[in-house]
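Coordinate analysis (summary)
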Amino acid sequence: LDGAGNSLNKLRAVFGEKKVGGKVDQAYKKKFLVALNDDLNMPKALAVMWDLVKSTKKTSADKQTTLLDFDRVLGLGLKEYKPSSIPSEVKKMLLEREKARKDRDWKKADQLRANISKLGFIVEDTSSGPKVVRI
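Everything numeric here is computed off the predicted structure, so don't read it as measured data.

1. Focus on the overall build of the protein
Tallying secondary structure elements over the protein gives six helices and two strands in all. The N-to-C order of helical and strand elements in the protein reads α-α-α-α-α-α-β-β. The C-alpha atoms of the protein give a radius of gyration of 18 Å, which is well past the 14 Å a tight globule of 135 residues would have. Scored against the burial criterion, the 135 residues of the protein give a buried share of 29%.

2. As for helix α3 (residues 42–54)
Note on helix geometry: an α-helix contains 3.6 residues per turn, so any two residues three or four positions apart are oriented the same way. In a regular helix each residue adds 1.5 Å, so 13 residues correspond to 18 Å; α3 covers 18 Å between its end C-alpha atoms and thus fits that length. All of the buried residues in α3 are Ala45, Val48, Met49, Leu52 and Val53. For α3, the arc enclosing every buried residue in end-on projection is 140°, short of the 170-degree limit, so these residues lie on one face. Opposite the packed face of α3, turned more than 90 degrees from it, sit the exposed residues Pro43 and Lys54. The elements touched by buried residues of α3 are α1 (2–13), α2 (26–37) and α4 (60–74). Capping the start of α3, Asn41 holds a side-chain oxygen 3.1 Å from the backbone nitrogen of Lys44, two or three residues further along.

3. Details of the environment of Val48
Note that Val48 resides in helix α3. Residues Val48 and Arg97, 49 residues apart in the sequence, show an inter-C-alpha distance of 36 Å. Excluding anything up to four places from it in sequence, Val48 contacts Tyr28, Lys31, Phe32 and Phe70.

4. Here's the deal with the pattern of salt bridges
Inspection of the entire model under this criterion finds nine salt bridges. The closest approach of N and O atoms between Arg101 and Glu98, which form a salt bridge, is 3.5 Å. In this pair, Arg101 and Glu98 both sit in helix α5 (residues 88–102), three residues apart, roughly one turn of the helix. The partly exposed category is assigned to Arg101, whose relative accessible area is 28%. With a relative accessible area of 19%, Glu98 lands in the buried category. Here Lys99 makes a salt bridge to Asp103, at a shortest N to O gap of 2.9 Å.

5. Observations regarding the nonpolar core
A general trend in soluble globular proteins is that nonpolar side chains are found buried together. Counting 17 residues, the largest nonpolar core has Leu11, Phe15, Phe32, Met49, Leu67 and Phe70 as its most contacted members. The contacts of Leu67, once residues within four sequence positions are left out, are Leu11, Val14, Phe15, Met49, Leu52, Val53 and Leu78.

6. Thoughts on the layout of surface pockets
In this structure, the largest pocket spans a volume of roughly 380 Å³. Surrounding the largest pocket, 15 residues form its lining, Tyr81, Pro83, Val132, Val133 and Arg134 being those nearest its centre. Broken down by element, the lining of the largest pocket gets its largest block of residues, four residues, from strand β2 (residues 129–134). Taken together, the residues of the lining of the largest pocket break down into eight nonpolar, three polar and four charged. Residue lining of the second largest pocket: 13 residues in total, with Asn6, Asn9, Lys10, Ala13 and Glu124 positioned closest to the centre. Breaking the lining of the second largest pocket down by element, the ones donating at least two residues are α1, α3, β1 (121–126) and β2.

Parameters and conventions
- Each chain carries its own residue numbering, running from 1 in the direction its sequence is written.
- Totals for whole chains, interfaces and linings use every residue, but because this is a predicted model, local features are given only for residues with pLDDT of at least 70 and side-chain atom pairs only at 80 or more, for both listing and counting.
- Just so you know, side-chain values use all the structure's heavy atoms and leave hydrogens and water out.
- Per the convention used, a helix needs a DSSP run of H or I reaching at least four residues, while a strand needs a run of E reaching at least two, with both numbered from the N terminus.
- This radius of gyration counts C-alpha atoms alone. The globule rule is 2.2 Å times how many residues there are, raised to the power 0.38.
- Three exposure classes are used, based on accessible area relative to the maximum for each residue type with a 1.4 Å probe and protein chains only: buried under 20%, partly exposed in between, and exposed over 50%.
- Helices are assigned an expected span. That span is 1.5 Å times one less than the residue count.
- Here the arc refers to the set of directions running from the helix axis out to each C-beta atom.
- Any two residues whose heavy atoms approach within 4.5 Å at even a single point are treated as in contact.
- Pairs of N or O atoms within 3.5 Å make up the polar contacts considered here, provided that, within protein, one atom can donate a hydrogen while the other can accept it, and that residues adjacent in sequence are counted only when both atoms are side-chain atoms.
- The working definition used for a salt bridge is a side-chain nitrogen of Lys or Arg within 4 Å of a carboxyl oxygen of Asp or Glu.
- By convention a nonpolar core is built from buried Ala, Val, Leu, Ile, Met, Phe, Trp, Tyr and Cys residues, the set being connected through side-chain atoms within 4.5 Å.
- Here a cavity denotes grid points, spaced 1 Å and computed from the protein atoms alone, that fit a 1.4 Å probe unable to get out, and a pocket denotes an open set having protein on both sides within 12 Å along at least 5 of 7 lines; residues with an atom within 4 Å of a point are the lining.
- Grid points are joined across faces, edges and corners, and a volume is the space filled by probe spheres set on the points.
- When residue character is reported, Ala, Val, Leu, Ile, Met, Phe, Trp, Tyr, Cys and Pro are called nonpolar, Asp, Glu, Lys and Arg charged, and the others, Gly included, polar.

Take a look at the structure:
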């Protein structure tokens, strides 16, 4: 269940900021429909969905629009998803953690990460900086 929850959170991360003007990617839609028409091959359909999510060639708006089209079948409620706001307490700890990391105080940085986790958030270190996601 934890793995399924994490996957859903990763998928919802694509919807962190609603984009407008996207178009359904017909190539991905065709692959998705081929999987569904193959005796409702959901593992294959989900693989197509994750390929789209991981694609660096598609704009965020196109990804969102295509995923919303897929969600008519998947029923994950992506259209209704609204990202939760991050409490100021968590933001403050995240800033402290970044300072500790810059100062190479790994023990303090790890402790702050644990404290943030206790409040129901995960810190993901990315190339563009840390991201905080609700657990």
